[in-house]
Each structure stands twice: as C-alpha cells, then as structure tokens.
Amino acid sequence: MKKEKQKDREDRQICIVFATALLACALLTGCGAAKEDNLSQGIALVEQMDYEGALTCFEAAALNKEDMRQVYRGQGLAYMGMTDYENAAASFEKALGQSSPRPDAMDYDINYYLATAYYRNGQVDKAIHVYQAITDLKPGEKTAWYLKGTMELEQGSTDAAKADFDKAVEAAPNDYDIRIDIFCSCSKYGQDDLGKSYLENVLDSDRKRISDFDLGRISYYLGDYEQARTSLEKAQENGGAEAASLLGQTYEALGDYNYAASVYNTYLQNKTPDASLYNQLGLCKLKGGDYEAALAAFQAGLEVEGNTATQSLMFNELVAYEYLGQYDKAKLAMDQYLALYPDDEKAQREAVFLQTR
C-alpha cells in the first residue's frame, strides 16, 4: 500500500510554499483556470484514466475551496484508479465528513465506493459494515443486500449470505438481473445449489408470464442450452446486445462456434457497435483457433467510444498476440495493461510467463 502523499504541515511557511507550487503545477496541467473548473477537469481526467493529473486538479480545487465533498470523492476515485485503496478509503471518509445530517443520493454513492475500497484493501468486515449501514437507512436497497451477501459468502457465512440474498430478492421480486447476479456469486464461491434456487424459483412461479429473453437467459445460466437457444432465438429480433451475446454463448456451449460467431457478426454489422460483443466474438474466435480474427475483434472493441469492457479487451488483446507468437507486442501490451490495472494477479502471472519468451 502507498502511504498518503500529503501530511499535515505545522510550519506555516512550508504550507505557503507548497500551495504556491501546487497552483503553478495546476496551471501547467490546465487546472486552476477558474473556480469550479479544477473540479470538473479533475473528474474528466479520472474518466480518461489520468489519475495523477486528476489528483493535481483536485488539490487545486481544494485550495480554491470548491465543493469539498465532490473534491474528496474525486480524489477517492483517482486513488481507486491507481489501486491505492487505503488512500481511496480515506478520501471517501473525508467526503462523507462533508455531508449533511440527512443523507442524499451522493452520500449513498460515496458509501458504495467506500465499501469497494475497503474490500479491495482486504478490510471485508468494514465493507460489510458499510453495506449494513446503507440497508439500515434504506431497507429496500437491493444492491447493498446483494453485495453484502456476496462478502458473507467469501467469509464462508452461507446462512448469513442467504438471508441477505433473500432480502435483495424481496426488495425487487421481478428483477431477474439481481437473481442472476446472486447465481453468479454463488457459483464463484462453490454454492451452486443455492444460486440455482433463485433462478429455479422464477421458472416455478413465473414461467408462463416471463419474456422469451428472460426465459432464455435464465435457462442459459441453469445450463439448459436447448431451451436457452429456443427462447433467445425468439427474442433476438427485438433484443439488444445482451440477447445476441447470450445466444452466441449458447451456441458456443453447444459446440457450434461458427454459428456463434455469425450471431455476433450479424448484430455488429446491423446494430450499434458494442464493445462487450466484440470481446465475446474475439473469445469465440480464440476458441476456434482463428487468432488473427480474434485480435481484430478485440482491437475493434477497444475503438468503441465509452465502452465498459476496456480491461477485458486489453487483456484478451495481449493473449491474442501470444497465440500469434508476437511476444514483443504481447509484452508491450502487458506493460500498458499493468500500468492501468497493477493489482490483476492473473496478469502478473502472465507477465512472468512472457518474460521467458
């Protein structure tokens, strides 16, 4: 863990020197042009993953006495991006210290980030405590119940996890997304039967009234690929990228990689480009041994503006380079990847392998 970059300075002269230097640096990076500009520029730099630059802007915003709750929140997000979870948590705590006695939407937003920082920092009990605090104030907050349950599973407290998952489902009985999330968490921690129960209950009680898409995706996660194919084929015409992705993955599970690829390609050629679907197409091509096509798909996905699959696409791109025997490009891609995601243990192991090539 990194130590805090800034410590309290008792010597007033040192404070003055530091402030002067910081403002000069802010001007050089485009921060400090006008009141509130530092904060908005810092947030923009976080989105661009320029975390060092963002921190400079947030420090300038603090000196300019801008909205301190948002400043500390922004610092927390920047530290999160740098995987400095200790300082991230400290920043989010400071942000909450700027709140009014009555919590608002931003307070809940900050608490979710705080819980994530605690979790990433290995402080699972603290993360659970934050989620408990959220649900104490908002008993119908399904996401907090779900995340708390997932952490209970990680700690081996299956009964406590089930109680939390039940609360999440009770808060949103017709939200099939949360049920699928619960299923995936249970599968991750070896509680498959518990996870399946939340999906099987839908089929037992709602099968006749749920949409083809929902029936298809629930069947897919339960491993009933024939039913999934039938339902998702019906849903495909009016479905979005998720329907196409699940239909393609269903064909992959049935061993038909060529048809799966055609499903992905058809959607990508006729609909709005989707980074996640490019990623799935690339993975399908990898499985089929067409490494050039896989690489092209991953790179096309990275070109999609505002995509949320950047990390997965970047990692899969370097894997494609490895399959192609282009180890110099793979090493360069790995360096770029680890610069953005330094705490990815799988990538760290892969980097060690690449050093031998």
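Small disclaimer: the values here were computed from a predicted structure and weren't measured.

Asks: Tell me about the overall build of the chain, residues and numbers included.
Replies: What the chain contains, in helices and strands, is 20 helices and zero strands. Looking at the chain residue by residue over its 357 residues, the buried ones come to 45%. Nonlocal contacts in the chain, meaning residues at least 24 apart in sequence, comprise 48% of its contacts between residues at least 6 apart. Approximately 18,600 Å² of the chain is accessible, and the part contributed by carbon and sulfur atoms is 47%.

Asks: Could you give an account of helix 20 (residues 345-354), naming the residues involved and the relevant values?
Replies: For an α-helix, 3.6 residues make a turn, and residues three or four places apart therefore share a direction. If you check which residues of helix 20 are buried, you get A347, A351 and L354. Buried residues of helix 20, viewed axially, fall in a sector of 60°; they line one side. For helix 20, the exposed residues set more than 90 degrees away from the buried face come down to E345, K346, R349 and V352. In this fold, the buried residues of helix 20 make contact with helix 18 (310-323) and helix 19 (327-340). Put simply, D344 is the residue that caps the front of helix 20, since its side-chain oxygen is 3.0 Å from the backbone nitrogen of K346.

Asks: Requested: an account of unusual backbone geometry, with residues and values cited.
Replies: Trans peptide bonds make up most of the peptide bonds, and negative phi angles are found at most residues other than glycine. The phi torsion at M49 lies on the positive side, around 65°, for a residue other than glycine. With respect to the helices, strands and loops of the structure, M49 is situated in the loop between helix 2 (37-47) and helix 3 (51-63). Of note in this structure, T83 is not a glycine but carries a positive phi near 60°. Structurally, the position occupied by T83 is in the loop between helix 4 (68-81) and helix 5 (85-97).

Asks: Any chance you could break down the packing of helix 15 (residues 257-270) against helix 16 (residues 275-288) for me, citing the residues and the numbers?
Replies: Where helix 15 contacts helix 16, the axes come no closer than 10 Å and their chain directions differ by 155°. Relative to helix 16, the element helix 15 lies roughly antiparallel. The chirality of how helix 15 crosses helix 16 is left-handed. Packed against helix 15, whose contacting residues are Y257, A260, A261, Y264, N265, Y267 and L268, the element helix 16 presents L277, Y278, Q280, L281, C284, K285 and K287 at the interface. Of the residues contributing to the contact of helix 15 with helix 16, the split by class is 10 nonpolar, two polar and two charged.

Asks: Let's hear about the side chain of N87: which residues, and what values?
Replies: Relative to the elements of secondary structure, N87 occurs in helix 5. At a separation of 2.8 Å, a polar atom in the side chain of N87 contacts the side chain of D84.

Asks: I'd like a description of the packing of aromatic side chains, backed by residues and values.
Replies: Taken as a whole, this structure holds 11 aromatic pairs when the rule is applied. The interplanar angle of 85° and the centroid separation of 6.2 Å between the aromatic rings of F165 and Y198 together place this pair among those described as edge-to-face. Pair noted here: F165 is in helix 9 (residues 158-171) and Y198 is in helix 11 (residues 192-206), with a separation of 33 residues, a long-range link. Per residue, the accessibility class of F165 equals that of Y198, and both read buried.

Asks: Any chance you could break down the layout of surface pockets for me, citing the residues and the numbers?
Replies: In this approach, a probe sized like a water molecule rolls over the atoms, and the result shows the empty space that is left. As a volume, the largest pocket reaches approximately 980 Å³. Considering the residues around the largest pocket, the lining is formed by 29 residues, among which M49, Y51, G81, Q311 and Y341 are closest to the centre. Elements with a minimum of two residues in the lining of the largest pocket: helix 2, helix 3, helix 4, helix 6 (105-120) and helix 18. Residue classes in the lining of the largest pocket are distributed as 15 nonpolar, nine polar and five charged.

Definitions and cut-offs
- Residues numbered from 1 in each chain as written.
- Predicted model: local features only at pLDDT ≥ 70, side-chain atom pairs only at ≥ 80, totals over all residues.
- Heavy atoms only, no water.
- Helix = DSSP H or I, 4+ residues; strand = E, 2+ residues; numbered from the N terminus.
- Buried < 20%, exposed > 50% of the residue type's maximum accessible area, 1.4 Å probe, protein only.
- Contact = heavy atoms within 4.5 Å.
- Areas by Shrake-Rupley, 256 points an atom, 1.4 Å probe, with all protein chains shown as cover.
- Arc of directions from axis to C-beta.
- Polar contact = N/O pair within 3.5 Å; in protein donor to acceptor, adjacent residues only side chain to side chain.
- Axes fitted to C-alpha atoms, helices over the stretch in contact; angles between N-to-C directions.
- Parallel < 35°, antiparallel > 145°, perpendicular 65-115°, else oblique.
- Left-handed = near helix turned anticlockwise from the far one by under 90°.
- Nonpolar A, V, L, I, M, F, W, Y, C, P; charged D, E, K, R; others polar.
- Phe/Tyr/Trp six-rings, centres within 6.5 Å; stacked < 30°, edge-to-face > 60°.
- 1 Å grid on protein atoms, 1.4 Å probe; cavity = no way out; pocket = protein on both sides within 12 Å on 5 of 7 lines; lining within 4 Å.
- Points joined across faces, edges and corners; volume = space filled by probe spheres on them.

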